[in-house]
Amino acid sequence: MIHQLYPQVFHNYQYELNKDMHIAAAHFIPHEKAGKCANMHGHIYTVNITVAGDELDDAGFLVNFQELKKLIHGKLDHTLMNEHQDWFNEQNSNDFPTSEVIARKIYETVQAHLDTLPNKPKCLQVFVRETPTSYVVYRPKAGK
């Protein structure tokens, strides 16, 4: 069970949903600045996705927790991150599978799904903990 405190996003929405998950995955960072992280290695990532909105769907959900798990955990768990070529591109350092980029790609995937829902919830932040002492928070810029 995950017991974690996350940075809070202040907002004016009526509902806020948080989905936690663990993702066991490997990656490597193909860049000279990566040091030992240029070698393939694995993590058990802790991911938290924060979604908010004012309207519930016809089933009473802001978004179904299972949909979020399928979108992210179903894609990434027990994989080599670098092999997800739709997310990561070794030719572009902005698309290496760093924790920062993983958090952004999770956000983009979740928000693209939320945009298809009639109640239009918003992904406010994605938290990715790579190790017990290192984590990243991704939040879209205001107005995006």
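Residues numbered from 1 in each chain as written. Predicted model: local features only at pLDDT ≥ 70, side-chain atom pairs only at ≥ 80, totals over all residues. Heavy atoms only, no water.

- The name given to the chain in an unreviewed UniProt entry is 6-carboxy-5,6,7,8-tetrahydropterin synthase, with Parageobacillus thermoglucosidasius as the source organism.
- Turning to the chain, the UniProt record has this under Pathway (unreviewed entry): "Purine metabolism; 7-cyano-7-deazaguanine biosynthesis."
- UniProt's Catalytic activity (unreviewed entry) comment on the chain is quoted here verbatim: "7,8-dihydroneopterin 3'-triphosphate + H2O = 6-carboxy-5,6,7,8-tetrahydropterin + triphosphate + acetaldehyde + 2 H(+)". (UniProt positions renumbered as here; feature names shortened; annotations may be inferred.)

Notes on the nonpolar core
Moving on, step 1. In this structure, I49, V51, I72, I106 and V110 are the most contacted members of the largest nonpolar core, which totals 28 residues.
Moving on, step 2. Among the elements that line this core, the one with the most residues is helix α2 (residues 99–114), at seven residues.
Moving on, step 3. The contact partners of I106, leaving out residues within four places of it in the chain, are V47, I49, I72, L76, W87, V126 and V128. (Core = buried A, V, L, I, M, F, W, Y, C linked by side-chain atoms within 4.5 Å. Buried < 20%, exposed > 50% of the residue type's maximum accessible area, 1.4 Å probe, protein only. Helix = DSSP H or I, 4+ residues; strand = E, 2+ residues; numbered from the N terminus. Contact = heavy atoms within 4.5 Å.)

Regarding the pattern of salt bridges
Moving on, step 1. Tallied over the entire structure, the rule returns five salt bridges.
Moving on, step 2. The partner of R104 in a salt bridge is D95, with the nearest N and O atoms 3.6 Å apart. We note that R104, like D95, is buried.
Moving on, step 3. With a closest N to O distance of 3.6 Å, K105 and D95 form a salt bridge. A residue pair is termed long-range when its members are at least 10 positions apart, and K105 in helix α2 and D95 in the loop between β3 (79–80) and α2 qualify at 10 residues. (Salt bridge = Lys/Arg side-chain N within 4 Å of Asp/Glu carboxyl O.)

Topic: the UniProt feature "binding site: Zn(2+)" (unreviewed entry) in the chain
Moving on, step 1. UniProt's feature table lists "binding site: Zn(2+)" (unreviewed entry) at H27, H41 and H43, given in the numbering used throughout. Considering the C-alpha atoms alone, the annotated residues occupy 17 residues of sequence yet fold into one spot, their largest mutual distance being 8.3 Å.
Moving on, step 2. Summarising the element assignment, H27 is placed in strand β1 (residues 15–27).
Moving on, step 3. What makes H27 buried here is its relative accessible area of 2%.
Moving on, step 4. Among all residues touching H43, those that are not within four sequence positions of it are I23, A24, A25, H27, E130 and T131.
Moving on, step 5. Separated by 3.2 Å, the side chains of H43 and H27 make a polar contact. (Polar contact = N/O pair within 3.5 Å; in protein donor to acceptor, adjacent residues only side chain to side chain.)

A word on the sheet that holds β1
Moving on, step 1. In spatial order, the strands read β3-β1-β2-β4-β5; together these five strands make up an open sheet with mixed pairing. Each edge of the open sheet is held by one strand with a lone partner, namely β3 and β5 (134–138).
Moving on, step 2. In terms of strand pairing, strand β2 (residues 41–53) meets strand β4 (residues 122–131) through seven bridges, oriented antiparallel. Bridging from a neighbouring strand, N48 pairs with F127 of β4.
Moving on, step 3. Sitting on the sheet, helix α1 (residues 65–76) touches β1, β2 and β3, and the angle it makes with β1 is about 15 degrees.
Moving on, step 4. Across the sheet, α2 lies against β2, β4 and β5, angled at about 150 degrees from β4, the strand it touches most. (Pairing = 2+ DSSP bridges. Axes fitted to C-alpha atoms, helices over the stretch in contact; angles between N-to-C directions.)

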